[in-house]
Amino acid sequence: MTHATPLIATLVSAFVLAYVAGMLAQRLRLPPIVGYLLAGVAIGPFTPGIVADQALAPELSEIGVILLMFGVGLHFSLGDLLAVRAIALPGAAVQIAIATALGMLLAWLTGWPVGAGLVLGLALSTASTVVLLRALEERSLLETQRGRIAIGWLIVEDLAMVLTLVLLPALAGLLGGTTHDGVNLYAALGLTLAKVAAFVAVMLLFGRRAIPWLLERTAGTGSRELFTLAVLGIALGVAYASAVLFGVSFALGAFFAGMVLNESKLSHQAAQDSLPFRDAFAVLFFVSVGMLFDPSILVRAPLPVLGVLAIILFGKSIGAFLIVRAFGRPTEVGLTIATSLAQIGEFAFILAGLGIELGLLPKDGRDLVLAGAILSICANPLLFIALDRWVARREAARVAAAAALEPDLPPGPPLPERDHVILVGFGRVGSLVGQRLHGEGTPLALIEPDADAVERARALGIPALVGNAASVDKLGAVHVADARAIVVAIPQTLEAGQIIRHAREANPAIAVLARAHSDEEVAYLLGCGADAAVMGEREIARSMCESVDGLARWFRRPDAEAAPDAA
Ligand code: AMP
């Protein structure tokens, strides 16, 4: 049966096992990715039991990479990409240099030749698209400045790897590997650069018009099915064609396909339509990585495995952090970029495979790279959790410093104890909501870290407490368990999510209203337990539309038809 239908057998075993292992991981409070990777190990050739098709699984997982990068492109304009080039270009270059040097050092200590060291180091210098994007997406960071820098950085690395894959065969002879006759270094370099340039030119000149046009025509038919097909066809078709015609990676092709669609008003719909496919195939990526892993390397060469892991987790990330800081970006941005890139993935496997083929890398090298990949991918979500905690602690320290000023404040009205509304934040948004509710006679309790804002609220007669609402103690102090509703009027989404979760735990029946700035944030806050989330930009638009209606007279030009412009 398995022989007759390898594709179905691979898809089914991968999806089913990934689901079971993912659920188990979730129960054990581990990231589901760990479950997917272990599912891969279970259906890989190195463990007894079912063995899925080893050629098909990675190929299928490429579809996940393509759809993910397409999705990123949909949220990324050319302007965004150019805006981060000043930091992404030198950042990625320096980071690749650091990782390569460290890899070469490790190879030298292991007694491997220079060529092996170079391949190992380069393999360790690239981050996995899937791992990075999933981590950013889960935290709603894709559309933040930090997220954009990380993606720009990834794209530069991606381009560097495309070049490396082309140049390595030309350099193999020089580095002590198999010589390839007829491969000239400069010709190969020139040809690759020309192809990449041609690809970018074709996408920007032709794709930019043709792709949105195609999608809009399809939308015009009113058929949802055809629209979904068009989205998949464009993402996969452009990725494939760019790989075949221009030699760029699937990921890069898909990214550009998404990016040229970015300005189309249908880009949001396209993103929605490809989402389920994207998620399912991204899971296959992790399964296929797990399949390649031979666990015996952990016993055969524990020290080199630790060395590789240390380079990926610390060597690369410390380098990235220092570069971001050197560019004057805040510590938080540095840590996000460093954490995002502290893992390796698809390119590392391809490079290691090529290294072995060219006689540069010993077979153990690939096992080391795979061990490093699987361990660093498992560690990545944990690093992100540590980062989230650090950010929360820093915020708490800031708020605690503000709260320390409380004793100097004149006392305000007493806090209500039952059936009241809790307001979190008294800034531009919260102060208006607070005054309105207070004016209507609603019993209100405010939590706000800024002592000045609390003083203003108290002067208006609003009972208020200095502090951070993310702290369970503060929520307890405003009697969250007996409150009717909580209005979270702060712009920090992650913190708002935490506040909502705590409030829900203390009072499952409480009504929760939150504030958001993008559709992704709305979805995140609803996922945290909010009953509704108001998206700021949409409300601005609605209010502007109302003003336009109200001012129609002002916009209309009564003389427009009678007296055409002299020009
Ligand atoms: P604005 O964006 O102008 O509406 O301001 C947001 C307000 O929320 C500011 O006054 C912040 O001090 C306040 N704020 C931020 N984080 C918290 C928090 N964790 N708990 C309570 N208030 C907060």
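In the nomenclature of an unreviewed UniProt entry, the protein is known as CPA2 family monovalent cation:H+ antiporter-2 of Dokdonella fugitiva. According to UniProt, the comment filed for the protein under the heading Sequence similarities (unreviewed entry) is "Belongs to the monovalent cation:proton antiporter 2 (CPA2) transporter (TC 2.A.37) family." The UniProt entry for the protein carries the following text under Subcellular location (unreviewed entry): "Membrane".

(A) Molecular detail of the overall build of the protein. The helix and strand tally for the protein stands at 24 helices and six strands. For 567 residues, the compact-globule estimate of 2.2 N^0.38 gives 24 Å, and the protein sits close to it at 27 Å. Along the first, second and third principal axes, the C-alpha set of the protein runs to 85 × 75 × 55 Å. For the protein, the proportion of its 567 residues judged to be buried stands at 49%. The long-range fraction of contacts in the protein, counting pairs at least 24 apart against all pairs at least 6 apart in sequence, stands at 73%. Between the centroid of the 39 positive side chains of the protein and the centroid of its 47 negative side chains there is a distance of 1 Å.

(B) Layout of the sheet that holds strand E2 (residues 444-448). Judged by pairing direction, the sheet is parallel, and its six strands sit side by side in the order E3-E2-E1-E4-E5-E6 without closing on themselves. Both edges of this open sheet fall to strand E3 (464-466) and strand E6 (532-535), since each of them pairs with a single strand only. Each neighbouring strand pair of the sheet contributes to a mean axis angle of 15 degrees, computed without reference to strand direction. In the sheet, strand E4 (residues 485-488) pairs with strand E5 (residues 511-516) via four bridges, with the strands oriented parallel. Its bridge partner being in E5, Ile 486 is matched across the sheet by Val 512. Here helix H21 (residues 493-506) sits on the sheet in contact with strand E1 (421-424), E4 and E5, set at roughly 175 degrees to E4. Helix H22 (residues 519-528) contacts E5 and E6 of the sheet and is inclined by roughly 165 degrees relative to E6.

(C) Broad picture of the packing of aromatic side chains. Taken as a whole, this structure holds six aromatic pairs when the rule is applied. Taken together, a centroid distance of 6.3 Å and an interplanar angle of 40 degrees make the contact between Tyr 36 and Phe 286 tilted. Placement of Tyr 36 in helix H2 (residues 32-42) and of Phe 286 in helix H12 (residues 267-292) is noted, with a sequence separation of 250 residues between them. With a relative accessible area of 13%, Tyr 36 lands in the buried category. Summarising the aromatic geometry, the rings of Phe 199 and Phe 246 are spaced 5.6 Å apart at their centres and angled 55 degrees between planes, so their arrangement reads as tilted. Taken as a pair, Phe 199 in helix H9 (residues 185-220) and Phe 246 in helix H10 (residues 224-246) lie far apart in primary sequence, 47 residues in all.

(D) View of the pairing of E5. The parallel pair E4 and E5 is bridged by H21, and the resulting crossover is right-handed. Pairing geometry for E5 and E6, over four bridges, is parallel. Paired with Leu 513 across the strands is Ala 532, a residue of E6.

(E) Quick peek at the site of the ligand. Around the ligand, a shell composed of 16 residues is seen, among which Arg 428, Glu 448, Asn 468, Glu 495 and Arg 515 lie nearest. In the environment of the ligand, an oxygen atom lies 3.2 Å from a nitrogen or oxygen atom belonging to the backbone of Val 429. Contacts to the ligand include Ala 469, whose backbone N or O atom sits 3.0 Å from a nitrogen atom. Isolated, the ligand exposes 510 Å² of accessible area, and the fraction of that covered by the protein chains is 88%. Residue assignment for the shell around the ligand shows that the elements contributing at least two residues are helix H18 (428-439) and E2.

(F) Quick peek at the pattern of salt bridges. A full pass over the atoms with the stated rule returns 13 salt bridges. Notably, a salt bridge pairs Glu 332 with Arg 146, separated by 3.7 Å at the nearest N-O pair. You can see Glu 332 sitting in helix H15 (residues 331-341) and its partner Arg 146 sitting in helix H8 (residues 145-171), a full 186 residues away along the chain. The exposure class assigned to Glu 332 is partly exposed, which follows from its relative accessible area of 23%. Through salt bridges with shared partners, one network takes in Asp 294, Arg 300, Asp 364 and Asp 367.

(G) The arrangement of unusual backbone geometry in detail. Despite not being glycine, Asp 419 has its phi angle at roughly 50 degrees, a positive value. Mapped onto the fold, Asp 419 is located in the loop between helix H17 (363-403) and E1. Although it is not a glycine, His 479 sits at a positive phi angle of roughly 55 degrees. As for its placement among the helices and strands, His 479 is situated in the loop between helix H20 (472-477) and E4. By relative accessible area, His 479 is classed as partly exposed at 27%.

(H) Here's a closer look at the pairing of E4. Burial along E4 is two-sided: Ala 485 and Val 487 and Ile 486 and Val 488, pointing in opposite directions, are all buried. Across four bridges, the pairing between E1 and E4 is parallel. Across the sheet, Val 421 pairs through a bridge with Ala 485, a residue of E4.

(I) Inspection of the domain arrangement of the protein at higher detail. Domain annotation for the protein reports domain 1 (6-383) and domain 2 (416-553). For domain 1 and domain 2, the distance between their C-alpha centres works out to 40 Å. Of the roughly 390 Å² buried where domain 1 meets domain 2, counting both sides, 52% is carbon and sulfur surface. Our count for the contact surface shared by domain 1 and domain 2 stands at zero salt bridges. Among the residues making up the side of domain 1 that touches domain 2, the classes are represented as no nonpolar, three polar and three charged.

(J) Quick peek at the packing of helix H7 (residues 129-138) against H12. Relative to each other, H7 and H12 sit at 130 degrees, their axes nearing to 11 Å. Judged on the interaxial angle alone, H12 and H7 are oblique. Crossing handedness for the pair H7 and H12: left-handed. Judged by residue contacts, Val 130, Val 131, Arg 134 and Glu 137 of H7 engage Arg 278, Ala 282, Phe 285 and Phe 286 from H12.

(K) Examining the UniProt feature "domain: RCK N-terminal" (unreviewed entry) in the protein more closely. The UniProt record marks residues 418-535 with the feature "domain: RCK N-terminal" (unreviewed entry), using the residue numbering of this structure. Here residues 418-535 runs as 43% helix and 22% strand, with 29 Å between its end C-alpha atoms.

The rules behind the values
Residues numbered from 1 in each chain as written. Predicted model: local features only at pLDDT ≥ 70, side-chain atom pairs only at ≥ 80, totals over all residues. Heavy atoms only, no water. UniProt positions renumbered as here; feature names shortened; annotations may be inferred. Helix = DSSP H or I, 4+ residues; strand = E, 2+ residues; numbered from the N terminus. Rg over C-alpha atoms; globule rule 2.2 N^0.38 Å. Buried < 20%, exposed > 50% of the residue type's maximum accessible area, 1.4 Å probe, protein only. Contact = heavy atoms within 4.5 Å. Lys, Arg positive; Asp, Glu negative; His and termini not counted. Charge placed at Lys NZ, Arg CZ, Asp CG, Glu CD. Pairing = 2+ DSSP bridges. Axes fitted to C-alpha atoms, helices over the stretch in contact; angles between N-to-C directions. Phe/Tyr/Trp six-rings, centres within 6.5 Å; stacked < 30°, edge-to-face > 60°. Right-handed = clockwise from strand over helix to strand, strands pointing away. Near = heavy atom within 4 Å. Polar contact = N/O pair within 3.5 Å; in protein donor to acceptor, adjacent residues only side chain to side chain. Areas by Shrake-Rupley, 256 points an atom, 1.4 Å probe, with all protein chains shown as cover. Salt bridge = Lys/Arg side-chain N within 4 Å of Asp/Glu carboxyl O. Domains from an automatic or database assignment. Buried area = accessible area lost by both parts, 1.4 Å probe. Nonpolar A, V, L, I, M, F, W, Y, C, P; charged D, E, K, R; others polar. Parallel < 35°, antiparallel > 145°, perpendicular 65-115°, else oblique. Left-handed = near helix turned anticlockwise from the far one by under 90°.

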